[in-house]
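Below are the chains, spelled out letter by letter.
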Amino acid sequence: MTFSYSFRLALQSILREKWIYLLSVMTIAAGLLFTTITVLFVYNIDSATKKLPEKFSVMLYLSDTISQQERDNIITTVQKDRAVDKAVFIPKDQALKELKSTLKDSAFILEGLGENPLPDSLEIKFKSDAVGPDAVQRLANSVKDMKGIQEIEYGENFLSAVHSLRTGMKTIGMTIFIIMSVGMLFVCYSTVKILFYRKDREIETYKLLGATRSFIRTPFLLEGAVIGFAGGLLSLIGILTLYYFLVFRLSSTFPLLKLIAFPIDLSLAIPLSGLLIGITGAAIAIGRIRY
Amino acid sequence: MIDFQNVSKHYDNYTALRKITFSIEKGELIFITGPSGSGKSTLLKLIYRAEIPDEGSIRVMDWAMHTLKESDIPLLRRHIGVVFQDFRLLDNRSVFDNVAVALRIRGVDEKELKVRVFDALKTVNLRHKSDNYPPSLSGGEQQRISLARAIVSDPTIILADEPTGNVDPDTSAGIMRTFKDINARGTTVLIATHNRELFRNTGRRVLKLDFGNFAGEEIA
């Protein structure tokens, strides 16, 4: 059998049962739209928070009486940690200079101090893929009792909050994604199953005439693919319209909306996801064909 | 070509066939007769593997039914053309498509398919109804479409279950002529019928069934 004949059978079936198909396509489109909005939301939150930990550093303030040996020990210990990217020693004079340049016009408030009150310090930067509350806590624990350490300053709460937000969003996103995917799979499964039962006699006739499994199966898989792909396309049109409306129309009122990013890969991923869901749902619905 | 050895087939509350043994040679035209419910249809179904025997062994061409793999069933059926008692036509397909499906299953290309389908329809005198749909045709015409579908693929064996059950005597004679012509080209033909007029004086072998039992064999 030629593929074109299977395609013709699938097309005839779709036209004959157009209302069932339309309903399935709309349901899948709605499901994919909701899933895509979730994915976009998670993606944007993730992108916005991804760069925050890169700016993060731990400051180790050293006591004035620290010896060269003790300082080297601390640096060696810090550099041994696999999460650490670099450790930069900041002498107290440089720290004051930096503070003055930060204060700019208000630097006069430091004039009456006389002696430099700032301690020597060690600024520790983490590898971007390793930075997290656990890594920071581990490092802090490993150095806090070392001789020469006066104080450790790190934004544990901030880092934890960012980390929790990212993990939480990803978990919620993944959960919604799985639930919606299963739901859409079930829609496709049910549609093809109903049509499969409706064509029970036709399929039985094909079998008696010597049709192979693939001859019987292919039109149904194509029907599933068409439902899924059409649902995907409809969902893509929906999300692009929504994006256009939010970013180009509403952003004049809510400027923050301009920051919403739309990864271009989604334009391909949405219809392809629909296609995959459609084919998988149909394949499960047909099951094993027995003679 | 077809060999039955002590074949029995039981259903829940009755026995359709009991210890049936017979052989059919390649190129034979043979009749199976008996009253309604004598097991004729079951016997045909066992040949194209729509049923599995409970006892005994069946061999069709090179296939032993008890060892036939499920994946080989379509292959077996492609060698057999069946005229079903209930026609088994697809109501939402045209007459042309109903006949063509037997060739599409076999992967025949569209150009050759068209020629062969129209030839088969011409054989059963339904060339002019190729665009019609089965529900708009009479029972006799539907039966002839079923016959056209069975012969279009030029099978090794043709099985016909009451092929003249719904037709007038003239059409019946025409259908029998078609079977004889096909048989003359070397195809083995097996016709199940309760109509004794169909095989009277044909000089062909007739196997008789009586409520599942083999009731003898005769030359008509």
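Up top is the structure these notes are about.
Engineer: What should I look at first to understand the overall build of chain A in this one?
Structural biologist: From N to C terminus, chain A includes nine helices and four strands. When the elements of chain A are put in sequence order from the N terminus, they spell out α-α-β-α-β-α-β-α-β-α-α-α-α. Its C-alpha radius of gyration of 31 Å places chain A more than 25% over the 19 Å reference for a compact globule of 291 residues. When its C-alpha atoms are laid out on the principal axes, chain A stretches across 100 × 45 × 25 Å. Out of the 291 residues belonging to chain A, those deemed buried represent 41%. Sequence separation of at least 24 residues holds for 84% of the intrachain contacts in chain A that already meet a minimum separation of 6. Here chain A displays about 16500 Å² of accessible surface, and carbon together with sulfur accounts for 64% of that area.

Engineer: What exactly am I supposed to notice about the overall build of chain B here?
Structural biologist: Secondary structure assignment for chain B yields six helices and ten strands. Relative to its length of 220 residues, chain B is compact, with a C-alpha radius of gyration of 17 Å against a globular reference of 17 Å. Principal-axis analysis of the C-alpha atoms gives chain B an extent of 45 × 40 × 35 Å. Look at the contacts in chain B between residues 6 or more apart in sequence, and 66% of them connect residues 24 or more apart. Counting only carbon and sulfur atoms, one obtains 45% of the accessible surface of chain B, whose full area is about 9600 Å².

Engineer: Help me understand the interface of chain A and chain B in this model?
Structural biologist: Quoted interface sizes are often the accessible area lost when the parts come together. Listed by partner, the interface residues are 23 residues for chain A and 20 residues for chain B. Surface buried jointly by chain A and chain B totals about 2200 Å² across both partners, of which 52% is contributed by carbon and sulfur atoms. Considering only the side of chain A, the residues that lose the most area to chain B are A:Leu208, A:Leu209 and A:Tyr291, jointly responsible for 33% of the buried surface there. Linking chain A with chain B are six salt bridges. The salt bridge involving A:Arg201 is made with B:Asp86; its shortest N-O contact spans 3.5 Å. Along the contact surface separating chain A from chain B lie nine residue pairs in polar contact (both at pLDDT 80 or more). Those elements giving two or more residues to the side of chain A that touches chain B turn out to be helix H1 (3-16), helix H7 (200-209) and helix H8 (213-249) of chain A. Looking at the side of chain A that touches chain B element by element, the count peaks at eight residues for H7(A). Split into classes, the residues belonging to the side of chain A that touches chain B amount to ten nonpolar, four polar and nine charged.

Engineer: It is not clear to me how unusual backbone geometry should be interpreted in this structure. Could you clarify?
Structural biologist: It is generally the case that most residues other than glycine have a negative phi and that most peptide bonds are trans. Residues and elements named next belong to chain B. Positive phi is not limited to glycine here, since Phe 87 has a value of about 65°. When you line up the elements, Phe 87 lands in the loop between strand S6 (80-83) and helix H3 (95-104). Positive phi values are uncommon outside glycine, yet Glu 162 reaches one of about 50°. Accessibility expressed as a relative area gives 8% for Glu 162, which makes it buried.

Engineer: Mind showing me how you'd approach the environment of A:Arg16 here?
Structural biologist: With respect to the helices and strands, the residue A:Arg16 is situated in helix H1. In contact with A:Arg16, not counting residues within four places along its chain, are B:Asn92 and B:Arg93.

Engineer: Looking at this structure, I do not really get the sheet that holds strand S2 (residues 84-90) of chain A. What am I missing?
Structural biologist: Hydrogen bonding along the main chain pairs the strands of a sheet, whether they run parallel or antiparallel. All names here are of chain A. Sheet architecture is open: four strands sit in the order S2-S3-S1-S4, paired in antiparallel fashion. The open sheet has two free edges, formed respectively by S2 and strand S4 (149-153), since each of these has just one partner strand. Between one strand axis and the next, the sheet turns through 20° on average, direction left out of account.

Engineer: Would you take a moment to explain the pairing of strand S7 (residues 157-161) of chain B for this structure?
Structural biologist: Sheet faces and side chains relate simply in a regular strand, where the side chains alternate between the two faces. All names here are of chain B. Counting buried residues along S7, five of its five residues qualify, which places the element largely inside the surrounding structure. Going residue by residue along S7, you find Ile 157, Leu 159 and Asp 161 tucked away on one face and Ile 158 and Ala 160 tucked away on the opposite face as well. With four bridges connecting them, S6 and S7 associate as parallel partners. Note that in S7 the partner of Val 82 across the bridge is Leu 159. Where S7 and strand S8 (residues 188-193) come together, five bridges link them in parallel fashion. Each residue of the ladder has a partner; that of Ile 157, found in S8, is Thr 188. Chirality of the crossover, the property in question, places the unit of S7, helix H6 (residues 169-184) and S8 among those that are right-handed.

Engineer: Would you mind showing me how to read the nonpolar core here?
Structural biologist: Nonpolar side chains in soluble globular proteins generally cluster together in the buried interior. Of all hydrophobic cores here, the largest spans 51 residues; its most connected members are A:Tyr206, B:Phe4, B:Val60 and B:Ile80. Beyond its immediate stretch of four places on either side in the chain, B:Phe4 contacts B:Ile20, B:Thr21, B:Phe22, B:Leu43, B:Leu46, B:Ile47, B:Ser57 and B:Ile58. Among the nonpolar cores identified, the runner-up in size contains 38 residues, and B:Ala100, B:Val108, B:Val124 and B:Phe179 belong to it.

Engineer: Could you clarify how one ought to interpret the pattern of salt bridges in this entry?
Structural biologist: Side-chain pairing between opposite charges can occur once the charged atoms of the two side chains come close. Here the structure, examined in full by the defined rule, presents 26 salt bridges over all chains. The partner of A:Lys92 in a salt bridge is A:Asp64, with the nearest N and O atoms 3.8 Å apart. Separated by 28 residues along the polypeptide, A:Lys92 in helix H4 (residues 92-103) and A:Asp64 in the loop between strand S1 (57-62) and helix H3 (68-80) bring together distant segments of the chain. Using a relative accessible area of 22% as the deciding quantity, one classes A:Lys92 as partly exposed. Look at A:Asp64 and you get exposed, because its relative accessible area is 63%. B:Glu70 is paired through a salt bridge with A:Arg213; the nearest N and O atoms lie 3.0 Å apart. Of this pair, B:Glu70 sits in the loop between strand S5 (63-64) and helix H2 (73-77) while A:Arg213 sits in helix H8, each in a different chain.

Engineer: Quick question: what am I supposed to make of a nonpolar patch on the surface here?
Structural biologist: Residue and element names in this part refer to chain A. A cluster of nonpolar side chains, contributed by Phe 3, Phe 7, Leu 11, Leu 15 and Val 226, occupies part of the molecular surface with about 480 Å² of accessible area. Here the nonpolar patch gets four residues from one element, more than from any other, and that element is H1. Turning to its location among the elements, Leu 11 is positioned in helix H1. The class for Leu 11 is partly exposed, based on a relative accessible area of 42%.

Definitions and limits used
Residues numbered from 1 in each chain as written. Chains lettered and ligands numbered in written order. Predicted model: local features only at pLDDT ≥ 70, side-chain atom pairs only at ≥ 80, totals over all residues. Heavy atoms only, no water. Helix = DSSP H or I, 4+ residues; strand = E, 2+ residues; numbered from the N terminus. Rg over C-alpha atoms; globule rule 2.2 N^0.38 Å. Buried < 20%, exposed > 50% of the residue type's maximum accessible area, 1.4 Å probe, protein only. Contact = heavy atoms within 4.5 Å. Areas by Shrake-Rupley, 256 points an atom, 1.4 Å probe, with all protein chains shown as cover. Buried area = accessible area lost by both parts, 1.4 Å probe. Salt bridge = Lys/Arg side-chain N within 4 Å of Asp/Glu carboxyl O. Polar contact = N/O pair within 3.5 Å; in protein donor to acceptor, adjacent residues only side chain to side chain. Nonpolar A, V, L, I, M, F, W, Y, C, P; charged D, E, K, R; others polar. Pairing = 2+ DSSP bridges. Axes fitted to C-alpha atoms, helices over the stretch in contact; angles between N-to-C directions. Right-handed = clockwise from strand over helix to strand, strands pointing away. Core = buried A, V, L, I, M, F, W, Y, C linked by side-chain atoms within 4.5 Å. Patch = residues over 30% accessible without salt bridge, like charges linked within 9 Å, V, L, I, M, F, W, Y side chains within 5 Å.

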